[in-house]
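The lines below spell out each chain.
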Number of protein chains: 2
Amino acid sequence: MSQNLTEADLSHLQEALNRSGQKVTPQREAVFQVLLAKRDHPTVDEVFNRAREVMPGLSLATVYNCLETFVGCGLVRQVNHERESTRYCPNLAPHAHFRDKATGRVHDIDLPPEVLSSLRSILPPGFDSETIEISFHGRAQSGEARSN
Amino acid sequence: MSQNLTEADLSHLQEALNRSGQKVTPQREAVFQVLLAKRDHPTVDEVFNRAREVMPGLSLATVYNCLETFVGCGLVRQVNHERESTRYCPNLAPHAHFRDKATGRVHDIDLPPEVLSSLRSILPPGFDSETIEISFHGRAQSGEARSN
DNA sequence: GGTGAGATTTTGACTCATTCTAAATTGAAT
DNA sequence: ATTCAATTTAGAATGAGTCAAAATCTCACC
Ligand SMILES: [Mn+2]
Ligand SMILES: [Mn+2]
Ligand SMILES: [Zn+2]
Ligand SMILES: [Zn+2]
């Protein structure tokens, strides 16, 4: 379960933090490790509980801080569905989210470049978009429902 | 400004409420009127303040109740961006939302059927989507920024 | 290997949009 | 008129997220 970060993942973390002038800390390593270990779009509380297993003294505020830092340097994305608790996703490829009505689980849906550009094309002139969020809501067959 | 509901809008309201076994009340008429009068995706508080001008005794809880009722019978859509307050939209045509970073305003973006179906097509087999939400975030030239 | 400045973490208080509860009011049907 | 369910209302409660201030850590520098 609680694998350490691979060499590659650690240097990804280091590089992104350095790039924005911030330090690698044990707490940030632990939180990042949790996100990579199980890519199921955990809430802050879920991250907190998982990270505490490996670092018992960790505080909830620090988890909020770490996740905000990661979002700020582009290491993870925030995922919101309606007014539910914010979830976090370390998948940096362009993708949409599918939330399963039955289980509440969130699945990554790959977003091909041509669909992305057809989406951009619906913006009238004068609208300059920096980010696009796409979320589906419905039912997923349990066979498909591997927890990502 | 505070026009009354047109005959057509009132019967739209009546029909939708009847269909789901609920009553037309003065409060529901006032809240619905507010949504139709200025289609700028108001928050609950904005709806509350506008509606109070025409019905001073109205309570905030009732505005929450009315809006929930309207969402339930398909008269309006909820619009969420990140963790900001929920906004409400009476535009029933398929459309995406563009939130202007600078002003916070939300604009409707028409969603052509072919783009909608190209989006549906990215779902792998086994995923059955009931709703899709698409939101852009960026800057809109002020010329384009009529408040819808 | 110390020192000090700045970054990070921690705790606990706080905010505020939303939800809940229970009492009052309304209104349609008999 | 009476009744009963639906609706409205005021106010309390909830809970994810934020903030402020003190404690701790890191690391460049000596
Ligand atoms: Mn969420
Ligand atoms: Mn919103
Ligand atoms: Zn994702
Ligand atoms: Zn809209």
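The numbers attached to residues start from 1 for each chain and follow its sequence in the written order. Naming scheme: in the order in which they are written, chains are lettered from A and ligands are numbered from 1. Local features in a predicted model are, by the rule used here, given only for residues with pLDDT of at least 70; side-chain atom pairs are given and counted only at 80 or more, and totals for whole chains, interfaces and linings are based on all residues. Side-chain metrics rest on all non-hydrogen atoms present in the structure, leaving aside hydrogens and water.

Asks: So what exactly am I meant to see when it comes to the coordination of the zinc ion (ligand 4) here?
Replies: Each pair of donors in an ideal four-coordinate tetrahedral metal site encloses 109.5 degrees, whereas pairs in an ideal six-coordinate octahedral site enclose 90 or 180 degrees. Residues and elements named next belong to chain B. Note that water is not among the atoms used; donors are N, O and S atoms within 2.8 Å of the metal (3.2 Å for Na, K and Ca), so sites may look incomplete. Around the zinc ion (ligand 4), the protein contributes the donor atoms His-41 (NE2), Cys-89 (SG), His-95 (NE2), His-97 (NE2) and Asp-108 (OD), which lie 2.1 to 2.3 Å from the metal centre. For the zinc ion (ligand 4), all donor residues lie on one chain, and their spacing in sequence is H-x47-C-x5-H-x1-H-x10-D. Taken together, the residues Cys-89 in strand 2 (residues 87-89) and Asp-108 in strand 4 (residues 106-110) connect sequence positions 19 residues apart. Taken as a pair, Cys-89 and Asp-108 share a single burial class, namely buried. Helix and strand definitions follow DSSP, with helices as H or I runs of at least four residues and strands as E runs of at least two, each counted in order from the N terminus. Summary of the burial criterion: residues with accessible area below 20% of their type's maximum are buried, those above 50% are exposed, and those between are partly exposed, where the area comes from a 1.4 Å probe applied to protein chains only.

Asks: Just checking my understanding: could you explain the relation of the copies chain A and chain B for this structure?
Replies: Rotating chain A by 180° and moving it 0.0 Å along the rotation axis overlays it on chain B with an RMSD of 0.0 Å. As the rotation angle and translation indicate, the two copies are arranged about a two-fold axis. Relative to the rotation axis, the closest C-alpha in chain A is found at A:Ile134, a distance of 2.3 Å. A share of 100% of the interface residues of chain A reappears at the interface of chain B, consistent with the copies meeting face to face through the same patch. Here the copies are matched by least squares. The fit uses the C-alpha atoms of residues with pLDDT of at least 70 in both. By definition in these notes, contact holds between two residues if any of their heavy atoms fall within 4.5 Å.

Asks: What is the right way to look at the protein's contact with DNA strand C in this model?
Replies: Nearness of a residue to a molecule or strand requires only that one of the residue's heavy atoms be within 4 Å of it. Taken together, 17 residues sit near DNA strand C, with A:Thr25, A:Arg28, A:Ala61, A:Thr62 and B:Thr86 positioned nearest. Within 4 Å of the protein, the atoms of DNA strand C are drawn from sugar and phosphate moieties in a proportion of 83%. Throughout this description, a polar contact denotes any pair of N or O atoms lying within 3.5 Å of each other; where both atoms belong to protein, one of them has to be capable of donating a hydrogen while the other can accept it, and for residues adjacent in sequence the pair is counted only when both atoms sit in side chains. Between a phosphate oxygen of DNA strand C and a main-chain N or O atom of A:Lys23, the distance comes to 3.0 Å. Measuring from a phosphate oxygen of DNA strand C, one finds a backbone N or O atom of A:Ser59 at 3.3 Å. Looking at the surface near DNA strand C, the elements that each hand over two or more residues are helix 2 (26-37) and helix 4 (60-72) of chain A together with helix 3 (44-54) of chain B. Each residue receives one of three labels: charged for Asp, Glu, Lys and Arg, nonpolar for Ala, Val, Leu, Ile, Met, Phe, Trp, Tyr, Cys and Pro, and polar for the others, Gly being one of them. Its residues placed into classes, the surface near DNA strand C shows four nonpolar, nine polar and four charged.

Asks: What is the right way to look at the sheet that holds strand 5 (residues 127-140) of chain A in this model?
Replies: Sheet strands pair by backbone hydrogen bonding; their relative direction is either parallel or antiparallel. The pairing criterion for strands is at least two bridges between them, as found by DSSP. Here we have six strands laid out as an open sheet, ordered 4(A)-3(A)-5(A)-5(B)-3(B)-4(B), and mixed in their pairing. Edge positions in the open sheet fall to strand 4 (106-110) of chain A together with strand 4 of chain B, since each of these has one partner strand only. Each adjacent strand pair in this sheet contributes to an overall mean axis angle of 30°, direction not counted. Pairing analysis gives five bridges linking strand 3 (residues 95-100) of chain B to strand 4 of chain B, with the strands arranged antiparallel. Bridging from a neighbouring strand, B:His97 pairs with B:Asp108 of strand 4 of chain B. Here, axes are lines fitted to C-alpha atoms. For helices the fit covers the stretch in contact, and angles between N-to-C directions go from 0 to 180 degrees. Across the sheet, helix 5 (residues 113-120) of chain A touches strand 5 of chain A together with strand 5 (127-140) of chain B, and the angle it forms with strand 5 of chain A is around 120°.

Asks: Where do I start with the packing of aromatic side chains in this structure?
Replies: Aromatic rings in a pair are described by how distant their centres are and how their planes are angled relative to each other. Stacked, edge-to-face and tilted are the three classes for Phe, Tyr and Trp ring pairs, Trp counted by its six-membered ring, which pair at centre distances within 6.5 Å; planes under 30 degrees apart are stacked, over 60 edge-to-face, the rest tilted. In total, this model carries six aromatic pairs over all chains according to the counting rule given. For the pair A:Phe98 and A:Phe136, a centre-to-centre distance of 6.5 Å together with 25° between the ring planes defines the contact as stacked. In this pair, A:Phe98 is assigned in strand 3 (residues 95-100) and A:Phe136 in strand 5, connecting sequence segments 38 residues apart. For the pair A:Phe98 and A:Phe136, a shared accessibility class is recorded, and that class is buried. An aromatic cluster of three or more residues is present, and its members are A:Phe98, A:Phe136 and B:Phe127. A ring is considered to have a charge above it if a Lys NZ or an Arg CZ atom is located within 6 Å of its centre and within 35 degrees of its normal. Taking the ring centre of A:Phe48 as reference, the NZ or CZ of A:Arg52 above it sits at 4.1 Å.

Asks: It is not clear to me how the interface of chain A and chain B should be interpreted in this structure. Could you clarify?
Replies: By a frequent convention, interface size equals the accessible area lost on bringing the separate parts together. At the junction of the two partners, chain A supplies 38 residues and chain B supplies 38 residues. Note on definitions: buried area is the accessible-area loss of two parts on being combined, 1.4 Å probe, summed for both. For the pair chain A and chain B, the two sides together bury roughly 3,200 Å², of which 55% comes from carbon and sulfur. Any Lys or Arg side-chain nitrogen found within 4 Å of a carboxyl oxygen on Asp or Glu counts as a salt bridge. The tally of links from chain A across to chain B stands at two salt bridges. Residues B:Lys101 and A:Glu130 are paired through a salt bridge, measuring 2.4 Å at the closest nitrogen-oxygen approach. Linking chain A with chain B are 17 residue pairs in polar contact (both at pLDDT 80 or more). Where the side of chain A that touches chain B is concerned, the elements lending two or more residues are strand 3, strand 4, helix 5 and strand 5 of chain A. With 14 residues, strand 5 of chain A is the largest single contributor of residues to the side of chain A that touches chain B. Looking at side-chain class alone, the side of chain A that touches chain B contains 16 nonpolar, 12 polar and 10 charged residues. One ladder, built from 13 bridges, connects strand 5 of chain A with strand 5 of chain B; its direction is antiparallel. When the sheet's bridge partners are listed, A:Ser135 is paired in strand 5 of chain B with B:Glu133.

Asks: Please explain the domain arrangement of chain A as it appears in this structure.
Replies: Segmentation of the chain into domains, including their bounds, is taken from an automatic or database domain assignment. Splitting chain A by domain gives domain 1 (7-79) and domain 2 (93-138). Averaged C-alpha coordinates put domain 1 of chain A and domain 2 of chain A at centres separated by 24 Å.

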